[in-house]
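Chain by chain, the residues run as shown.
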Amino acid sequence: MTMLKINNLNVNYGRIHALKGISLEVEKGEIVSLIGANGAGKSTLLKTLSGLIRPKEGEIIYLDESIAGKPAQSIVKAGISQVPEGRRVFAEMSVEENIELGAFLRRDKAGIQQSFQKVYEVFPRLYERRKQMAGTLSGGEQQMLAMGRAIMARPKLLLLDEPSMGLAPLMVQTIFDIIKDINDEGTTILLVEQNAHMALSIASRGYVIETGKMILSGSAKELQESEEVKKAYLGG
Amino acid sequence: MSKEPLLQVENLGIQFGGLKAVSNVTMEINRGELVGLIGPNGAGKTTAFNMFTGVYVPTEGDIIFNHKRINGLAPYKVTRSGISRTFQNIRLFNELSVLDNVKVAYHSIVNHSVVSSILRLPPHFRGEREMEKKAMLFLEIFGLDKYKDEEARNLPYGKQRRLEIARALAAQPELLLLDEPAAGMNPQETIELMDLIAFVREKFNLTILLIEHDMNLVMGICERIYVLDHGVLIAEGLPEEIRNNPKVIEAYLGEEVQK
Amino acid sequence: MNRMEWLQQLINGISLGSIYALIALGYTMVYGIIKLINFAHGEVFMIGAFIGFYAIAGWGLSFFPALLLSMAVCAVIGVVIERIAYKRLRNATRIAALITAIGVSLLIQNGVIYFRGAQPEVYPSVLQNKSFNFLGAQVSSQSILILLVAIVLMIILQFIVHKTKIGKAMRAVSYDSDAARLMGINVDNTISATFAIGSSLAGAAGVVFGIYYTKIDPLMGVIPGLKAFVAAVLGGIGIIPGAMVGGLFLGVVEAIVSALGFSLWRDAVAFVILILILIFKPSGIFGKNSREKV
Amino acid sequence: GCGEKSSSDGDGESSSSSKDGGTIKIGLNLELTGAVASYGTSEADGIQLAVDEINEAGGIDGKKIELVKVDNKSEAAEATSGAVKLTTQDKVVAIIGAATSGATVAQAQIANDNETPLISPSGTSPTVTVNEDGSLNEYVFRTSFIDPFQGTVAANFAANELKVKKAAIYSDNSSDYSKGLAKSFKEYFESAGGKTVANESYVAKDSDFRSTLTRIKSANPEFIFIPGYYEEVGLIVKQAREMGIDVPLMGADGWDSPTLLDLAGVDALNNTFTVNHYSSEDPDGKIQDFKEKFKAKYNQSPNAFNALGYDTVYLLKDAIERAGEVDSKKIKEELEKTDGLELITGLYSVDENHHPIKSATILEFQDGEQVFKTKVDP
Amino acid sequence: MKNSKKFWAFVGLAVAIYAVVQLLIVTDIMNAYYLNTLIFISINIILAVSLHLVIGITGQFSLGHAGFLAVGAYISAIATMRLGLPFPVAIVLAGVIATFAGLIVGIPSLRLRGDYLAIATLGFAEIIRIVFLNIDYVGGAAGIQVSHFTTWTYAFICLFVTIVVIINFTNSRHGRACISIRENEIASDAMGINTTYYKVLAFAIGSFFAGVAGALFAHNFYIIQPVNFGFMKSIEILIFVVLGGLGSLSGAIIATILLTVVSTFLQSYSEMRMILYSIILILVMLYRPKGLMGTMEITDYFKMWGKSKGGDRHE
Ligand SMILES: Nc1ncnc2c1ncn2[C@@H]1O[C@H](COP(=O)(O)OP(=O)(O)OP(=O)(O)O)[C@@H](O)[C@H]1O
Ligand SMILES: Nc1ncnc2c1ncn2[C@@H]1O[C@H](COP(=O)(O)OP(=O)(O)OP(=O)(O)O)[C@@H](O)[C@H]1O
Ligand SMILES: [Mg+2]
Ligand SMILES: [Mg+2]
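Residues numbered from 1 in each chain as written. Chains lettered and ligands numbered in written order. Predicted model: local features only at pLDDT ≥ 70, side-chain atom pairs only at ≥ 80, totals over all residues. Heavy atoms only, no water.

Engineer: What exactly am I supposed to notice about the arrangement of the chains here?
Structural biologist: There are seven pairs of chains in contact here, and the one with the most contacts is chains C and E. Nothing in chain A touches chain D; the tightest C-alpha to C-alpha distance between them is still 38 Å. These two, chain B and chain D, are apart from each other, with no contact and a minimum C-alpha gap of 31 Å. (Contact = heavy atoms within 4.5 Å.)

Encoded structure:
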């Protein structure tokens, strides 16, 4: 079943044409990774999906419904959560409050409590630090928090924007393990990464984006073996 | 080159409120070396850089640079004494042109006075010409010369990182501190960056200390590595030694990277 | 001065300071959440005072209905100002929004002067004012009322901002509005709510001010607005108990300077103390002295 | 810039254009916005009432008065440019304004240079008409008293009628009017053997005076002189009485407004005195007539500013009529000769310094009524 | 002015403007009213440009510029009216003493940031005003009367010097250092720039010219009183700078001319005046939130035109 289908998406920042006719599909239950150089437009795509940016042109169909141009809160409500680039935790709120805000649109008290349990199970570190101000966490901890926050919304589709950026190697592994776990529990994932090795190793399919255009797509294996990808993104 | 220490750090420590972010760190960097500083997130690496550059004042210990004690010195004085840095989160002068970003760093190398500038006396023109020439030179080395009139914030991310390094070099340091220069770059870009670092090191006769989480880069170019964890040094040595140090594997590298 | 006089002056200062605090609470709330120096806050305060006046003198309402009416109307006015004048400037520089706020403030002042003239109006007395003796000093019942109102509002505000869902949304928006959107928070509505609460507090302060001091006029918001700004900064921007303390502090300093016979220099001394405090506590009394993390 | 060229041959040049149209152009340069907008707008109301009356009655010698208003924003710089505009662009016959001394001084030189009479309804500082070096601003006049006169009258009353020995002064530090009065009161009161036991001040727009009043109270004065405007005075009187200060209080024409009574309350105002131009409770037909007309037009009772604005128009009208033609220079000469003109605010003559010679009235508040106490001739 | 050719073009233009106005005055085409407005505009431009250096270039949010205007006005008035010094001496003296005031204010308060700095500078300006209010030598609340010495020539010379000095300062390594502080103080510090020195320097230069403007102001409006230099005056100057575009000198000048003309024109709309003024202010900010010119200078438009013709824009 197709969860997300993007057709000919165009996005502008003023005069800058950041996305030029992007098309992409995500099946339910998949991990799809999106790789591309700096400034290719990966974050722009995710922001557009989340409703932070209005597209200029094009279709975004999520579960048979068009969500292009809808306000962010109704997209979150429909089940799309994002872990934004650079974590963006609420620095002067406690870890607990940050997690709580993830469930902002939910009203089921008991369910929220359950999700809390789950987040703390996945990230025991966050439980230890639940009273600490989020801004004083280390980079990796903040990344966990950002993911925990997104899990609280019980998303059907989770958008991850460079979750490994700035993390220590050990932490990168941990984060990728967690992504796999979250996926195993039924959440569909669209993963944006610079770390193409890692990303393709857990994904089923991948897309390559360059200066706003989709230039390549295929199964993770195909991409990993592609000369083009190797040369440009895998460092030889 | 003889083993002449350029930066000596003795029992360095700093405390934020109740938190001891760095404690009892002792390290020595010799002239001409390229040294790596690694460690888990929140280990205190950036904090150490901040102390070396005068942004934070250490609560204990000493920093000796070129045989002079520099702890507590204002950042601009540290820079003038020969240490220059880049930042983990890029800090360019966004609305200045690429060229002017570099000129700012060259500021303290020339010395025409305010009066000569206001009255447009010859020293002003001489000084400004020199700055222009030198700044262009740095831009050329970094392949940024064709962007010279662009506002810095309009550069793509990778170019911004390069510009930051170019700017740091324009301050004519003996010791260059790079804080995660490869963050946000893909493997291919990282390789290019490694070449660039090697090149400027040769050309400007630099000593370099760098923080990085990308092990390809660290293991690829660093001659020696220090490892910080929870504010204390847990290991020091050649890349090969560090790669196989169980403490480092446990705290930082994890199993898979070794392969 | 003897002990009794000191006490009297302290009481004078606290009653003056609680008015500043009352205005500063709403000020700092908006200030803290959207980092906008809302210069029009003093003018909303003025409008609140006038609404209360017309409600009491014109329609014969009693104190509480008039207070509620004034708060409600001011809340609406606050939201309207935000939607018309500030919303477009969310992503502009703060200083641009500041200039617009000054424009709004001038517009309201002069609009009111245009429609009803610049002459003052006298509040009808709707609340009994009794003076009684406290350790030899005189305390008026109304000044106690004001202090209590300020304290209660401070507690309510603190509760709203830190414990309720909307309060958490407000804080989230203040730290990172895009990230807040990703949590499903409706940023526009949250900001409107902030303005509604802040402005209704200004309205309440206006009515209370009118009753206590009896004189209201179209320019009455200027000085208290400025002092509230000072109090908010003094206490630490966006910190609600800070605004309270900042306001009281300012009032007490002014009273004591006057009491010592330097009434000519009152505002100057108040500013000297303000500057000294800022030099030693660069982010205000309650502000965390956190430098930007490098 | 503006004075260099115009003063040479001022033979009625400035008034010619206004003669043709059959109207008399009079400029208003008032504080219509800004910090003291309430004074300026009050005067504008009084002026408008007088002009309407005159025009309805057929104008001056058949010519209607046309008002040209400029707003000086309560700023000296704006007052200057307003005056330049009125004299050089609009070529008015005379200017009325400004309400405060500072904004009037800012226009004085321009009035002289352009030979256009300038009458300030309430610029009370002596320096409005007489410069610091003692020279006279030939074209500048005023309707109100000067500060020293009122201060002296009040001191005299306190020392000789109330027979108090220890007085306190509580003045508005931001107003030259208030400080002028305080200064002359102090000088005269002390020369009459009294003692000033407290000399305190507030700032316009303050609302809480309790701290300073506490201090004044502890100095135990027998009398407090409060030269200020009704907006603050009302609150001062109220708060003083609440604090148990029950000695006589006294002020000057700045107190004159129906709002004072509302602000302070009837009881608080008992045992207070004011120096004023006239008594608005005076049964005199002219005064009552003015009060009624004003009330009919503006739906409120007139205050001192309203009355002074109103009077200024009549002062000017009188001079124009006597001049026989609309010529600025002649009008100025006639203004100088004004003698015993009956105005709402009293019998008005002018001395060689262009200070008015007006008798002052001392009034006492008794249960909300202003009761005539004594009359003081200059 | 990067090279001397441009500089001389600027000088030529300035002299031409001066000569034309002077000619209009001599031939009586320009009457006293327009002349007065022109002088007022010049004074305001000096104020705006001097504040532009502090806020627009160095990025320090000062809400106390009127304080230095006051110092200049009072010092010059004392010099001419009390000490009998010639006007040009008074102008220089006003600038010098205002610079001292700037140093006294700047050194302690420039450690503060953002709104905290704004409040501190506002406080200092109020203190300065209250000091004058309480000094009888300068007339207290009544103020001092000042002779009218400000002529078009004086105003022009001061304006010219102000603009040249500030442009030359900005376009040098010193100005660049100031801009780098505005852009990122931490990085600026790390590049070897003594940020405190440059902040104080910019503040001192700004104060100097505010003082000069004060001298012209005092000797143009016949009287100065403490009320003329309140907090709203600082705001008024701030508005010029922001409306023009923070960081744009030509923007500050254009906005000052525009607002002064609008405000003068509205003078005869009396009660409606401030309403219209504030609506204009709001509308401009809403539709041009970066100010009329953004950070562009008027000369950039010419350059851009040249560039697009040459067609060598990379991308
Ligand atoms: N707010 C903005 N205003 C103008 N241009 C923008 C903005 N955000 C991004 N861009 C531009 O849009 C293009 C795509 O940027 P985007 O952030 O989507 O890239 P990315 O693929 O996520 O890169 P990175 O790997 O650096 O995160 C870039 O050229 C960038 O400069
Ligand atoms: N100004 C500060 N106030 C309080 N704590 C601080 C401050 N600066 C740093 N810290 C704390 O010091 C510790 C070390 O931080 P630092 O930024 O040096 O880590 P790092 O080793 O650079 O990590 P990363 O690899 O994630 O950048 C962290 O726990 C951090 O929260
Ligand atoms: Mg991105
Ligand atoms: Mg770091």
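Engineer: Please clarify how the coordination of the magnesium ion (ligand 4) should be interpreted in this entry.
Structural biologist: Tetrahedral coordination by four donors sets the ideal angle at the metal to 109.5 degrees; octahedral coordination by six donors sets it to 90 or 180 degrees. Residues and elements named next belong to chain B. At the metal site, the magnesium ion (ligand 4) is ligated by Thr46 (OG1) and Gln88 (OE1), and these contacts range over 1.9 to 2.2 Å. Of this pair, threonine 46 sits in helix H1 (residues 45-52) while glutamine 88 sits in the loop between strand S6 (83-85) and helix H3 (98-106); the two residues are 42 residues apart in sequence, bridging distant segments of the chain. Given the relative accessible area of 12%, threonine 46 is considered buried. (Donors = N, O, S within 2.8 Å, 3.2 Å for Na, K, Ca; no water. Helix = DSSP H or I, 4+ residues; strand = E, 2+ residues; numbered from the N terminus. Buried < 20%, exposed > 50% of the residue type's maximum accessible area, 1.4 Å probe, protein only.)

Engineer: Explain the nonpolar core here, please?
Structural biologist: One broad rule of soluble globular proteins: the nonpolar side chains tend to lie buried together. With 308 residues, the main nonpolar core has Ile179(A), Phe229(C), Ile224(E) and Leu238(E) as its most contacted residues. In terms of residue count, helix H2 (residues 32-57) of chain E provides more of this core than any other element does, 15 residues in total. Leaving out residues up to four positions away in the same chain, Phe229(C) has contacts with Tyr27(C), Tyr31(C), Ile37(C), Phe39(C), Leu63(E) and Ile119(E). Counting 57 residues, the second largest nonpolar core, distinct from the first, contains Ala154(D), Ile226(D), Val237(D) and Ala252(D). (Core = buried A, V, L, I, M, F, W, Y, C linked by side-chain atoms within 4.5 Å.)

Engineer: Sorry if this is basic, but what is going on with the coordination of the magnesium ion (ligand 3) here?
Structural biologist: All of the protein donors around the magnesium ion (ligand 3) are Ser43(A) (OG), Glu85(A) (OE) and Glu85(A) (OE); their distances to the metal are 1.9 to 2.6 Å. One end of the pair, Ser43(A), is in helix H1 (residues 42-50); the other, Glu85(A), is in the loop between strand S6 (80-83) and helix H3 (95-102), and 42 residues separate them in sequence.

Engineer: What is the right way to look at the UniProt feature "transmembrane region" (unreviewed entry) in chain C in this model?
Structural biologist: Residues and elements named next belong to chain C. If you check UniProt for "transmembrane region" (unreviewed entry), the listed places come out as residues 6-27, 63-81, 93-115, 135-161, 191-213 and 268-287 in our numbering. What you have in residues 63-81 is 100% helix and 0% strand, and the ends, taken at the C-alpha atoms, are 26 Å apart. Regarding residues 268-287, the helix share stands at 65% and the strand share at 0%, and the terminal C-alpha atoms are separated by 24 Å. (UniProt positions renumbered as here; feature names shortened; annotations may be inferred.)

Engineer: What should I look at first to understand the pattern of salt bridges in this one?
Structural biologist: In a structure, side chains of opposite charge can pair up when their charged atoms sit close to one another. Residue and element names in this part refer to chain B. Overall, the coordinates contain 72 salt bridges over all chains when judged by the stated rule. Measuring nitrogen to oxygen at the nearest pair gives 3.6 Å for the salt bridge that ties arginine 153 to glutamate 95. Taken as a pair, arginine 153 in the loop between helix H5 (122-141) and helix H6 (157-170) and glutamate 95 in the loop between S6 and H3 lie far apart in primary sequence, 58 residues in all. Given a relative accessible area of 38%, arginine 153 falls into the partly exposed group. (Salt bridge = Lys/Arg side-chain N within 4 Å of Asp/Glu carboxyl O.)

Engineer: Please explain the sheet that holds strand S5 (residues 68-69) of chain B as it appears in this structure.
Structural biologist: All names here are of chain B. Strand order in this open sheet of four strands is S2-S1-S4-S5, and the pairing throughout is antiparallel. In the strand order of this sheet, the two ends are held by strand S2 (19-30) and S5, each with one partner. In this sheet, S2 lies alongside strand S1 (residues 5-16) in antiparallel orientation, the contact comprising eight bridges. Bridge assignment links leucine 12 to a residue of S2, and that residue is valine 25. Contacting S1, S2 and strand S4 (60-65), H1 runs over the sheet at an angle of about 115° to S1. (Pairing = 2+ DSSP bridges. Axes fitted to C-alpha atoms, helices over the stretch in contact; angles between N-to-C directions.)

Engineer: Mind showing me how you'd approach the domain arrangement of chain E here?
Structural biologist: When the parts come together, some accessible area is lost, and that loss is often what is quoted as the size of the interface. Residue and element names in this part refer to chain E. The domain boundaries assigned to chain E delineate domain 1 (1-30) and domain 2 (34-314). Averaged C-alpha coordinates put domain 1 and domain 2 at centres separated by 22 Å. Approximately 1,100 Å² of surface area, both sides summed, lies buried where domain 1 meets domain 2, with 78% of it carried by carbon and sulfur atoms. For the interface between domain 1 and domain 2, the tally reads zero salt bridges. Taken together, the connections running from domain 1 to domain 2 amount to one residue pair in polar contact (both at pLDDT 80 or more). Of the residues contributing to the side of domain 1 that touches domain 2, the split by class is eleven nonpolar, one polar and no charged. (Domains from an automatic or database assignment. Buried area = accessible area lost by both parts, 1.4 Å probe. Polar contact = N/O pair within 3.5 Å; in protein donor to acceptor, adjacent residues only side chain to side chain. Nonpolar A, V, L, I, M, F, W, Y, C, P; charged D, E, K, R; others polar.)

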